Amino acid sequence: MATTSLISARIAVCLAGALLTLPAAMAQPPAGGADDDGVQAMQPRDVDLYVEAVPGDLALGQAWTAPVPGQPYTTAMGRPVKIRGVASLALAGKTLSVTVTSRQKKEPPGPPDQGCPAGTQEMDTGAQPMSDQMRPQPPTVLQVDIRSSGTFETVYTPSVTGTHQILANAGAVGAKSEFDVVDPVTLCEPLSPKEIEQEARQLSETTYQTVDLVDQHIQALPDSPAKDEFKNKLGELRKAMQSAQPRGQAPGWVKSIEPFNRLRSLSPRIRQAAEPLRRQLSEWQEKARQSNQQSKQVLAKLQHGNVVCDQLDIVINALKFVDFSLGLVTTPGQLIEGWLKENVPTKLIGQISGADKVPAVQQTIESLWKFSLTYASGWSGLALPKVANDLVGYAANRYFDRYCQTFTGPVAAEMKGVVSKIGAPWWWFRIKTSGLLILRYPKGATGAAIPLSGELIGNASLFKSKDDAIRVLFPKFAKGTVFHQTRIEPLAGNMLNDGDYSGYDPGSIMMDKGGTMVRSLAPAFFRIPVRGELRGDRLRIELQPAAVDFKDKYTTVRQVTLSPLSMFPNVTDYELPYPGAHTIFQRAFNDGPAEFVVTRIGAKKDVMQIKQHFTRQRDTNRTHGEFSVDVTACNPSCP
């Protein structure tokens, strides 16, 4: 959303989620000055002027949400931008002065073909720079009439890139906003060797820290020949890592980024051929950044468990995380090497036009190609994921299975909620989650009741809502026309799951190989510890307080209203909080333990399975909730 200089108010609907989670909150009004609907007193402020930048073909007042929540509108150079807004009725009929100011600094020169980066002094590409720098454009002043309704709009077409500031003035009254402009030729965007090196170096360090964590947990396991063998195998992994990817250093393939950038700067046709690799490396950089931002927190939160099976589960998940991290570290080297072997120097030289195919350019292509391939193929760390994966298999098949048994399988949960005031609904929302149930217990355990430990882990896959809060809760502010409304829903699902990695997809690793630690890197993650017991053919589980939950997620709404009760536009920001995964599962389980019947399945009836659909409705005088959970889990695994 564009930045605006306006005074806005915020409805803090912080107790709306509590209405669905805490029975006590439903019976009495909350403290702190909130009304009996759990909504703190709203104090929306009138503004003299509101202005925003939106796509050029958008109708006046038509709802629009920025592709990147909370960020200014971004468009391409040469594409029209609509500047629109609403003013107080006191300004109706007057002329509004809208000043658009682009960047006021000169851009560095680039080669003639589409303005892409030229060579450096250390590695000259032979491209000839432009004779002058791209000069900034002077501010543009647009005169716009304010309609009798207070609305206004105009169109501006940017001719340079960068952030554009908008200042709207009508006498002493003013408002600000901004939008960003990028070059439509996105192929020109170079990769940042420095930023890529930083992310790769941090990934490597996180991997070493995870191996240290595994070592600590192995020490806590009971002494046995299997433990000694496991420690030896972990030592081999550490030795292989230190040899191929020394701690504190960036991977060798990072050095191939700079010559790759130089190759791309030589010709539009070379850039076009290199675009798939550039895009893959950019996507890798974003995924690495996400992993680095959350990995330390993940490692800290997942150090749990005080019995053998819990400790072994931590070890296995930590090793899966090592496998994932090493795969992420080594992927760019594989991608670069593959592209270079497909695009040999003769093929790249063939992309140069006849007039530019001078010996100096041909020699530059050959040198850059050789440099890049040497750094990519000469790095010795490409076998590391296999070493880690082999150790994961050993831990799971030779160690964990020797001591423990596990029920594991998919879970899916959904909640539909409605919040009302005196019978008038004002907020509708829906949440969907998907994940896994994991229950562990010692092999050979005997007795009438065998204790179980484990967790529910997963992510929210959908947040969706709509509301009529202002009309129902504050009708005196709603007697008017909504000029504009923006809704920003929280992120859900797996952000690591998109992107083309040519057969190497971290998204699939997250679900199939990466384990709990990798899954927790995705948005809206939850982990709910579970305790239970197995009595014959009856299995009973009870949820513990969530270790990680998404209960702090909320929808942000901004609404601009033209009210006949006021001469001024009314701008209101408010947040609608979602309940967490623990609430959904607990309500579906009827606020108590969940019980299952254990059946025998499979050709030999040697697989134990629990499978059940839970559903429940919960109503109060203000809320209606529908909860459903589907659970399927098997020991050892579902056929």
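Bear in mind that the values here come from a model prediction, so they are computed numbers and not experimental data.

*Asks:* Would you take a moment to explain the environment of Ile 316 for this structure?
*Replies:* Its location among the elements puts Ile 316 in helix 7 (residues 308–342). For Ile 316 and Leu 391, which are 75 residues apart along the polypeptide, the C-alpha to C-alpha distance reads 8.9 Å.

*Asks:* Can you help me understand the sheet that holds strand 19 (residues 594–597) in this one?
*Replies:* Whether parallel or antiparallel, the strands of a sheet pair through hydrogen bonds between backbone atoms. Pairing within the open sheet is antiparallel, and its nine strands lie in the order 19-16-15-13-12-11-22-21-20. The open sheet has two edge strands with one neighbour each: strand 19 and strand 20 (599–601). Recorded for the sheet is a direction-independent mean angle of 25 degrees between the axes of neighbouring strands. In this sheet, strand 21 (residues 607–619) lies alongside strand 20 in antiparallel orientation, the contact comprising three bridges. Counted as the bridge partner of Arg 600 is Met 608 from strand 21. Taken strand by strand, helix 7 contacts strand 11 (404–421), strand 12 (424–442), strand 13 (450–467) and strand 15 (525–535), and its axis lies near 110 degrees from that of strand 12.

*Asks:* Any chance you could explain the packing of aromatic side chains here in plain terms?
*Replies:* Each aromatic ring pair is characterised by the separation of its centres together with the angle its planes make. On inspection of all chains with the given rule, the structure shows 15 aromatic pairs. Centroid distance Trp 253 to Trp 284: 5.4 Å. Interplanar angle 90 degrees. Geometry classified as edge-to-face. Residue Trp 253 is found in the loop between helix 4 (225–244) and helix 5 (257–264), and its partner Trp 284 is found in helix 6 (residues 268–301); the two are separated by 31 residues along the sequence. For the pair formed by Trp 253 and Trp 284, the shared burial category is buried. Ring plane angle 85 degrees and centroid distance 5.6 Å describe the contact between Phe 463 and Phe 550, whose orientation is recorded as edge-to-face. Taken as a pair, Phe 463 in strand 13 and Phe 550 in the loop between strand 16 (538–543) and strand 17 (554–562) lie far apart in primary sequence, 87 residues in all. Each member of the pair, Phe 463 together with Phe 550, is buried. Each member of the aromatic cluster is reached from another via a ring pair, and the members are Trp 426, Trp 427, Phe 429, Phe 463, Phe 526, Phe 550, Tyr 578, Phe 585, Phe 589, Phe 596 and Phe 614. The residue whose ring lies beneath Lys 466 is Trp 428, and the NZ or CZ to ring-centre distance is 5.3 Å.

*Asks:* I tried to follow the nonpolar core on my own but got confused; where do I start?
*Replies:* Membership of the largest hydrophobic core comes to 50 residues, with the highest contact counts inside it found for Leu 456, Leu 539 and Phe 585. With seven residues, strand 12 is the largest single contributor of residues to this core. Each residue touching Phe 585, except ones within four places of it in the same chain, is listed here: Val 411, Ala 413, Thr 433, Leu 456, Phe 526, Ile 528, Leu 543 and Val 629. Counting residues in each nonpolar core, the second largest holds 38 residues, with Ile 270, Phe 321, Phe 324 and Leu 368 among its members.

*Asks:* Mind showing me how you'd approach helix 14 (residues 581–588) here?
*Replies:* Residue pairs spaced three or four apart in an α-helix point in one direction, given the helix's 3.6 residues per turn. Helix 14 sits mainly inside the fold: seven of its eight residues count as buried. Every buried residue of helix 14 is accounted for by Ala 581, Thr 583, Ile 584, Phe 585, Gln 586, Arg 587 and Ala 588. Asn 590 lies just past helix 14 and shows a positive phi near 60 degrees.

*Asks:* Just to check I follow, could you spell out the sheet that holds strand 5 (residues 81–87) for this structure?
*Replies:* As summarised here, the arrangement of the three strands in space is 3-5-8, forming an open sheet in which the pairing is antiparallel. Looking at which strands have only one partner, the edges of the open sheet turn out to be strand 3 (49–55) and strand 8 (151–156). Ignoring strand direction, the axes of neighbouring strands in this sheet form an average angle of 20 degrees. Note: strand 5 against strand 8, six bridges, orientation antiparallel. Bridged to Val 86 within strand 8 is Thr 151.

The rules behind each value
Residues numbered from 1 in each chain as written. Predicted model: local features only at pLDDT ≥ 70, side-chain atom pairs only at ≥ 80, totals over all residues. Heavy atoms only, no water. Helix = DSSP H or I, 4+ residues; strand = E, 2+ residues; numbered from the N terminus. Pairing = 2+ DSSP bridges. Axes fitted to C-alpha atoms, helices over the stretch in contact; angles between N-to-C directions. Contact = heavy atoms within 4.5 Å. Phe/Tyr/Trp six-rings, centres within 6.5 Å; stacked < 30°, edge-to-face > 60°. Buried < 20%, exposed > 50% of the residue type's maximum accessible area, 1.4 Å probe, protein only. Lys NZ or Arg CZ within 6 Å of the ring centre and 35° of its normal. Core = buried A, V, L, I, M, F, W, Y, C linked by side-chain atoms within 4.5 Å.

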